[in-house]
Amino acid sequence: VQADLEACVHITFFTISLLGAKECQKLSPKRTALVRILMPLIKLYTAKAAVRGTSETLECLGGVGYMEDSGMPRLLRDAQVLPIWEGTTNVLSLD
């Protein structure tokens, strides 16, 4: 889970830095193409990682994690909707 979190943070912030350079018109055509490729991949990977991480956290908490009072079931439901909101894998592959 920690490795997934670190990967998501690093690739997201790398892409944010590229977007900042793009907005300032300081980005080469190759880097612009890289931003276009990375955006749908980041949406997909971070959404799927959120589901994996939340599910594993819920399991680690045992029976308490499954109780509505803990708030974890709601977080899992919210995380499971992320891949749908961000677009399905088939739609992202067309981007």
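What you are looking at is a predicted structure, and each value in this text was computed from that prediction instead of being measured.

Overview of the overall build of the protein chain
Point 1. In terms of helices and strands, the protein chain carries 4 helices and 0 strands.
Point 2. Listed by position from the N terminus, the elements making up the protein chain come as α-α-α-α.
Point 3. In the protein chain, the share of contacts with a sequence separation of at least 24, taken over all contacts with a separation of at least 6, comes to 50%.
Point 4. Surface summary for the protein chain: the accessible area is close to 6700 Å², and the carbon and sulfur share equals 63%.

What about unusual backbone geometry?
Point 1. The residue Gln25 is not glycine, and still its phi comes out positive at about 55°.
Point 2. Topologically, Gln25 is positioned in the loop between helix H1 (2-23) and helix H2 (29-60).

Describing the side chain of Thr15
Point 1. Relative to the helices and strands, Thr15 resides in helix H1.
Point 2. Looking at Thr15, the relative accessible area reads 2%, which means it is buried.
Point 3. For Thr15, the side chain forms a polar contact with the main-chain oxygen of Ile11, separated by 2.8 Å.

Cut-offs used in this document
Residues numbered from 1 in each chain as written. Predicted model: local features only at pLDDT ≥ 70, side-chain atom pairs only at ≥ 80, totals over all residues. Heavy atoms only, no water. Helix = DSSP H or I, 4+ residues; strand = E, 2+ residues; numbered from the N terminus. Contact = heavy atoms within 4.5 Å. Areas by Shrake-Rupley, 256 points an atom, 1.4 Å probe, with all protein chains shown as cover. Buried < 20%, exposed > 50% of the residue type's maximum accessible area, 1.4 Å probe, protein only. Polar contact = N/O pair within 3.5 Å; in protein donor to acceptor, adjacent residues only side chain to side chain.

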